[in-house]
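Residue-level structural notes
Now for the letters of each chain:
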Amino acid sequence: MSAEPPSSGRPTGPPSGPLSGPQGGPPSGPPSPGGGSGEGPEKPDRPWWKSAPRVAAISLVLVAAVVLTVVLTRPDGTSKSGGEVALQPAGKQGPDPFTESTARDDSTPPSPSALPSSSASANVTRGVDGAAPGLYGGTRKVGSCDVEKQVAALRKDPAKNKAFASVLDIDASAVPAYLRALTPVQLRMDTRVTNHGYRDGAPTAYQAVLQAGTAVLVDDRGVPRVRCACGNPLLPPVAQSSPKRTGDAWPGYRSSNVVVVAPAARTVNVFVMYDPESGDWFERDKGDTGTGDTKTRPPAHQPSPSTSTSPPQSSSASPSSPSASPSSGEPSSPPASSSASPPPSTEQEQPPASQSAQPQSSP
């Protein structure tokens, strides 16, 4: 069906300029936004599609909407739906390990006594400051991980060494120095992390909960960076809504008691730790493998998980050195401590004050 040609004098689209009309006054139509009489340098009859400020404003709104959608739905965003979280017992190597175990004690810690009920839901973030005394434990004078064994295992496999370095965003040649700057400890709370296996020549990231008693290497902000039972590099966790739990749950596990370690605001030069074998407290210098440990008095305050409704930030950025703090810190879901010693948060399960306990020896 052919279109009928327009009648003379009737435009077929938006006008190319101001409507013609009597010179004595403004054309008919809606008033200008300013409500003026038409006098002044700006013409009130200028069509909206010819107004640069209006077009720019509309474009900005559209761009902002697109960006917001991308941020909220991107795979590594802070509001990831579904997904899985692997429960990893302290004594098990887990899937796709980077190296053989470098943990000095592979035995699974005994089941802890039941913790008091927590008012926190599975969607509430529970963070513990990486500098808090009593957050970590171990055996005095003994490092929980064999750092030199970890260095040697990666050095003899350049492909794995390169993949390991890529996760932590450091040069492959810097891996030995990076590992030696970390501090071997044992978790005293079930802790949420992003773990990384090694498969088909590349690192594979997955969300995990590490059982209390797990041997890890932490950086100078108190954040776990290596799981010693498998040699896997670790990053802060990524938030997930209603994730499916996989793996083997241990006695005493409770998702509402899982914590995420938030990086300390300042460098932790000395970690105040608990020895579950002797019941003693001791101090371990940053980067020390245990040879310089010294006894100390029990801390006045032990770490208490801080609670918020915000999910943990995704952390694609990794520290370039042990002293760099991660961009995220905060976790999502959660479980109960499984260490033989009394869990640091046993007496403080309700949402704590926003302030985290600072170690007396921290600068």
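Our subject in this report is the structure included herewith. Values in this document were obtained by computation on a predicted structure and should not be read as measured data. Going along each chain's sequence as written, the residues are numbered from 1 onward. Reporting of local features is limited, given that this is a predicted model, to residues whose pLDDT is at least 70; pairs of side-chain atoms are given and counted only at 80 or more, and all residues count toward the totals for whole chains, interfaces and linings. Side-chain figures throughout are based on the complete set of non-hydrogen atoms in the structure, without hydrogens or water.

With that settled, consider the packing of aromatic side chains. Paired rings are identified among Phe, Tyr and Trp, the last through its six-membered ring, by centres lying within 6.5 Å, and are further divided according to the angle between planes into stacked (under 30 degrees), edge-to-face (over 60) and tilted (the rest). Enumeration according to the criterion identifies 5 aromatic pairs in this entry. For the pair W250 and Y253, a centre-to-centre distance of 5.4 Å together with 80 degrees between the ring planes defines the contact as edge-to-face. Residue exposure (1.4 Å probe, protein chains only): buried if accessible area is under 20% of the type maximum, exposed if over 50%, otherwise partly exposed. Judged by its relative accessible area of 7%, W250 falls in the buried class. Linked through ring pairs, F98, F164 and Y198 together constitute an aromatic cluster.

Further remarks concern the nonpolar core. The criterion is simple. A nonpolar core is a set of buried Ala, Val, Leu, Ile, Met, Phe, Trp, Tyr and Cys residues joined through side-chain atoms within 4.5 Å. The biggest cluster of nonpolar side chains holds 23 residues, and the ones touching the most others in it are L135, Y136, L210 and V216. A run of H or I in DSSP counts as a helix once it spans at least four residues, and a run of E counts as a strand once it spans at least two, with each numbered from the N terminus. Put simply, the parts of the chain that give this core at least two residues each are β5 (183–187), β7 (202–210), β8 (215–218) and β14 (270–274). Tallying contributions element by element places β7 first for this core, with 3 residues. Of all hydrophobic cores here, the second largest spans 22 residues; its members include L168, V175, A215 and L235.

What follows covers the pairing of strand β2 (residues 84–88). For β2, the tally of buried residues reaches 4 of 5 residues, placing the bulk of the element in the interior. The pairing of β2 with strand β12 (residues 244–247) spans 4 bridges and is classified as parallel. Residue V85 lies in a different strand from β12, and its bridge partner there is R245. Across 4 bridges, the pairing between β2 and β7 is parallel. Counterpart to A86 in the pairing with β7 is A208. Note: two strands are recorded as paired if DSSP finds a minimum of 2 bridges between them.

This part is about helix α3 (residues 158–168). Of the residues making up α3, those classed as buried are K160, N161, A163, F164, A165, V167 and L168. In what follows, residue pairs with any heavy atoms lying within 4.5 Å of each other are defined as contacts. If you follow the buried residues of α3, they end up packed against α2 (147–155), α4 (175–180), β6 (191–199), β7, β9 (224–227) and β10 (232–235). One or two residues past the end of α3 sits D169, with phi positive at roughly 60 degrees.

Position of P184 among the secondary structure elements: in strand β5. With 48 residues separating them along the chain, P184 and Y136 place their C-alpha atoms 9.6 Å apart. The residues touching P184, leaving out its near neighbours within four places in the chain, are G143, S144, C145, V216, L217, M273, R284, D288 and T289.

Now for α2. Within α2, burial applies to V147, Q150, V151, A153 and L154. Projected onto a plane normal to the axis of α2, the buried residues spread over an arc of 165 degrees and lie on a single side. The definition of a polar contact used here is a pair of N or O atoms within 3.5 Å, where within protein one atom must be able to donate a hydrogen and the other to accept one, and adjacent residues in sequence count solely through side-chain atom pairs. The backbone nitrogen of E148 has a side-chain oxygen 3.3 Å away, supplied by the residue at the start of α2, namely D146. For this quantity, the arc is that covered by the directions from the helix axis to the C-beta atoms.

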